[in-house]
Amino acid sequence: MSPDTIAVIAFDGISPFHLSVPSLVFGEDRTSLGVPRYKMMVCAEGKKKIPTTGGFVIEAPYALSDLREAGTVIVPSWRNPEERPSPRLLDAIRSAHEGGAKIVGLCLGAFVLAEAGILDGRRATTHWNWAGLFSRRYPQVALNADVLYIDEGDVMTSAGTAAGIDCCLHLLRTRLGAEITNRVARRLVVAPHRPGGQAQYIEQPLATDSGADRLSSALIWATAHLQDDLNVDLLAQKALMSRRTFTRRFRQSTGATVVKWLTHQRVAAAQRLLETTDLPIEQVAASAGFGSALLMRQYFGKMLRVSPTAYREEFRGSGS
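Described below are features of the structure shown in this document. Not measured: the values here are computed from a predicted model.

**Here we look at the pairing of strand 2 (residues 39-44)**
Looking along a regular strand, one sees the side chains alternate between the two faces of the sheet. Extensive coverage of strand 2 is indicated by the burial of 5 of its 6 residues. Pairing of strand 1 (residues 2-10) with strand 2, which is carried by 6 bridges, proceeds in the parallel orientation. By the bridge assignment for strand 2, Thr5 is matched with Lys39. A crossover connection joins strand 1 to the parallel strand 2 through helix 1 (residues 16-27); in handedness this β-α-β unit is right-handed. Of the pairings in the sheet, the one linking strand 2 to strand 5 (residues 62-63) comprises 2 bridges and is parallel in character. Residue pairing across strands places Cys43 opposite Tyr62, the latter belonging to strand 5.

Below, the structure is given as structure tokens:
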């Protein structure tokens, strides 16, 4: 098993989008951005020619037996949550997991992981539209349909469709740190980290209008002033909105509260400073807007399950 080998499982009726997301993040040559070359394997059960939902056929050069080489195995969104995966596929996933591989289920891929039994007693997420079926079928799994992804260490699941990008970027972030992941995200023209949940997509999305532009401008301003005493009233004033209107539009746009969003932005800022500077922990905390090193340690422990000092040691030099 190699940690630099990523296996993606293909199957009849696979979504080209879900297959392309891990390939885009891990399969392309991004050594100029500080990303090492990963070996990508597209593995399939039986035949090599795989029909997709996009109306074309792809070729899978690797078999399920090759999963034993991978340090990470990704199951893209399953073709039909009502359909049980084959015993052969489930056995291959279980064997890879028992061999030490991290198993990732994108969107409805969580159904495959649950069917294999590796989500039992764990937290997981999936597409909100199928959350009810998932909960009824797998009551032994602690489902949370309000988040974009859940990382349980050796098992990870993501919410619907585009959350697969968030999930794969998170995988990259755990390997290489925030700075390099931000470079990749900028190259892909996507947000490096979205703190909101998929609840923001269940209702009608926020319309593109002058209010949305004012909100975006206010959030951009906030990320540049994290060390200030930021609050809802100040951001509403920057967005030229009433507190009530700003709060409603903010929730629609981000899926999070202002406090939660600011905390995520401050943790991300602290990650970058820890990776790329020699600033003392106290100064990093002040620059990121935490006010004290103690408060920053509390949030790092809660969100990243690691101390700022341990984070710096782990990713020292990875952003250069």
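Having seen the model, we can carry on.
**Description of the sheet that holds strand 2**
Strand-to-strand pairing in sheets goes through backbone hydrogen bonds, with the strands running parallel or antiparallel. Ordered by their spatial adjacency, 7 strands build an open sheet running 5-2-1-6-7-11-10, and the pairing between neighbours is mixed. Single-partner strands in this sheet number two, and they are strand 5 and strand 10 (149-151). Sitting on the sheet, helix 3 (residues 109-116) touches strand 6 (70-75), strand 7 (102-105) and strand 11 (155-158), and the angle it makes with strand 7 is about 130°.

**Things to note about the packing of helix 1 against helix 5 (residues 163-176)**
Any two packed helices are characterised by how steeply their axes cross, that is the angle between the axes, and by the distance between the axes. Two numbers describe how helix 1 lies on helix 5: the axes approach to 9 Å, and their chain directions differ by 25°. What the angle tells us is that helix 1 and helix 5 run roughly parallel. Judged by the twist between their axes, the crossing of helix 1 over helix 5 is right-handed. On helix 5, the residues touching Phe17, Val21, Pro22, Val25 and Phe26 of helix 1 are Gly164, Ile165, Cys168, Leu171, Leu172 and Arg175.

Thresholds, definitions, all that
- Residues numbered from 1 in each chain as written.
- Predicted model: local features only at pLDDT ≥ 70, side-chain atom pairs only at ≥ 80, totals over all residues.
- Heavy atoms only, no water.
- Buried < 20%, exposed > 50% of the residue type's maximum accessible area, 1.4 Å probe, protein only.
- Helix = DSSP H or I, 4+ residues; strand = E, 2+ residues; numbered from the N terminus.
- Pairing = 2+ DSSP bridges.
- Right-handed = clockwise from strand over helix to strand, strands pointing away.
- Contact = heavy atoms within 4.5 Å.
- Axes fitted to C-alpha atoms, helices over the stretch in contact; angles between N-to-C directions.
- Parallel < 35°, antiparallel > 145°, perpendicular 65-115°, else oblique.
- Left-handed = near helix turned anticlockwise from the far one by under 90°.

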